[in-house]
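Observations on the model geometry
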Amino acid sequence: MLYTSTRDNSIRVSASQAIARGISEEGGLFVPCELPEISLDRISSMIPMSYIDRAKTILREFLTDFTEEELDYCVSGAYAAEKFSSKKIAPTVNIDGNKNILELWHGPTCAFKDMALQLLPYLMTVSAKKTADGKTIVILVATSGDTGKAALEGFKNVDNTKILVFYPVDGVSPMQKLQMTTQEGENVAVCAINGNFDDAQSAVKSIFTDNEIKSLLAEKNMMFSSANSINWGRLVPQIVYYFSTYCDLVDMGKIKVGDEINVVVPTGNFGNILACYYAKRMGLPVKKMICASNSNNVLTDFLKTGTYDKNRKFYTTTSPSMDILISSNLERLLYHMSGEDDRLVVDLMSRLSTDGKYTVSDKLISDIQEMFDAGYTDEESVDSTIKSHFDRYSYLCDTHTAVAVKVYDEYVERTGDDIPSVIDSTASPYKFSASVLSAVLNGEKPQLDEFEMVEELNRITNADIPTPLASLKDKEVRFNNVCDKENMSEMVFKLLNI
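It should be emphasised that the depicted structure is a prediction, and the values quoted were computed from it without experimental measurement. (Residues numbered from 1 in each chain as written. Predicted model: local features only at pLDDT ≥ 70, side-chain atom pairs only at ≥ 80, totals over all residues. Heavy atoms only, no water.)

1. Side note on the pattern of salt bridges
- Taken as a whole, this structure holds 25 salt bridges when the rule is applied.
- For K56, the salt bridge goes to D53, with nearest N and O atoms at 3.8 Å. Of this pair, K56 and D53 both sit in helix α3 (residues 51-62), 3 residues apart, roughly one helical turn.
- Judged by relative accessible area, which is 34%, D53 ranks as partly exposed.
- A salt bridge links E456 to R459; the shortest N-O distance between them is 2.8 Å. Pair noted here: E456 and R459 are both in helix α20 (residues 450-461), with a separation of 3 residues, about one helical turn.
- Connected via shared salt-bridge partners are D53, K56 and D72. (Salt bridge = Lys/Arg side-chain N within 4 Å of Asp/Glu carboxyl O. Helix = DSSP H or I, 4+ residues; strand = E, 2+ residues; numbered from the N terminus. Buried < 20%, exposed > 50% of the residue type's maximum accessible area, 1.4 Å probe, protein only.)

2. Focus: the side chain of S421
- The topology assignment puts S421 in strand β15 (residues 421-425).
- Classification of S421 by relative accessible area gives buried; the value is 0%.

3. So, the pairing of strand β5 (residues 99-103)
- Burial analysis of β5 places 5 of its 5 residues in the buried class, the great majority of the element.
- The side-chain alternation of β5 yields two buried faces, one formed by K99, I101 and E103 and the other by N100 and L102.
- As paired elements, strand β4 (residues 92-96) and β5 share 4 bridges and run antiparallel to each other. Counted as the bridge partner of T92 is L102 from β5.
- Where β4 folds back on β5, the antiparallel hairpin that results is connected by 2 residues, among which G97 adopts a positive phi of roughly 60 degrees.
- Across 5 bridges, β5 lies against β15 in parallel orientation. What sits directly across from E103, in β15, is S425. (Pairing = 2+ DSSP bridges.)

4. Focus: the packing of aromatic side chains
- Within the structure shown, the criterion is met by 14 aromatic pairs.
- Between the aromatic rings of Y73 and Y122, the centroid separation amounts to 5.3 Å while the plane-to-plane angle is 75 degrees, which identifies the pairing as edge-to-face. Of this pair, Y73 sits in helix α4 (residues 68-78) while Y122 is found in helix α6 (residues 120-131), placing the two residues 49 residues apart along the sequence.
- When its relative accessible area of 44% is taken as the criterion, Y73 is described as partly exposed. (Phe/Tyr/Trp six-rings, centres within 6.5 Å; stacked < 30°, edge-to-face > 60°.)

Dropping the structure here:
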């Protein structure tokens, strides 16, 4: 299995090279040159497997320069039982009829990013030994909340790595901020920026492709890589849980092997739903992928019209991990769906950079719409969905999951397409306790501190409080850095002591 770049498809690199580099030299994203096929018989064979064995079944198709021993080391280490609060790692919960919730937040940071970021440090370590010639890898991360903590936790004290995380100063929940600023580890650093996630992400990409900065790092025997979903090593583990949830639905008697399902994903950077696209292309029987946006509905508009336009008001919402107007992984979809037209991708990304928008051809958006549907949910509907779902099903969901639930309900009402469906649940409700508690209390906002709200939410709903969040209460804050978006490169040098 070789990988190429969305902006130069003459490039060929191995899986370990793609993972260690994170992003291609010219700014493109690494994608597989071809996708493996997983037959229905192979899906059937995965049903009795553990999550670890399902993961190895899928990942060995993509990581062909990893030995079987290396693959086992990576996967078994990432999904060890003591790291996850569910024995199934990513359990599927039936809510009502054909509505099923895929809970992706049972890992150490209580968000779906753990599903990939527990594995990425292992993949990175193995890849670096093959390709990086003893260099220290500097993991540079922009986060809208969950990626930062999951990456910090995954890479803390990993040999020959340093990890620097930047987050929007007013764009994460109090619990998300506390998770990052109290992070333990000798090789970690965290900094807030005066700006939003898109500002942080754009600055990170600029730093990645700055030859002067890269040369300076090389003099110190360092190289950049990424833990964002622009890194193929972050994206490929997410393909696994779509196969896994399908197997679980068969095991639960909700479907038979070969039956189609719909998948609904609360979406910001387009990585999570893109992983489902790859699973579908590989043979997983997915009928529609439904992209659910919050008030920052740039993706919904694109999927409905073919025009991507980031020139719009930016909303700070109660689902901050989706507060994104530049969805990086859409570039990968455009590459695949355009027939691997790298020149088109370069042109579209150039227009996005200069004009803030682009429009694709009628044929391209029509082809995309064959696979994807989309909707968005405003803030008021998020609150009402959290409350109605809890009142009706005694199931407590976080703000991001509520976006997806509402979009799914509207999709079924609009289309009548009520086949068995999976809704991605991307975070524990306790990561957003103020918003979730207020929703359950019908808009009332108790004057409590963060941990008093956690306890009150537990008292009212009886939903279990994840141990990793409860343990934050008495942890010391280690990082109070703040910088302007224009000064991120200087902050990188400061945090690296160079």
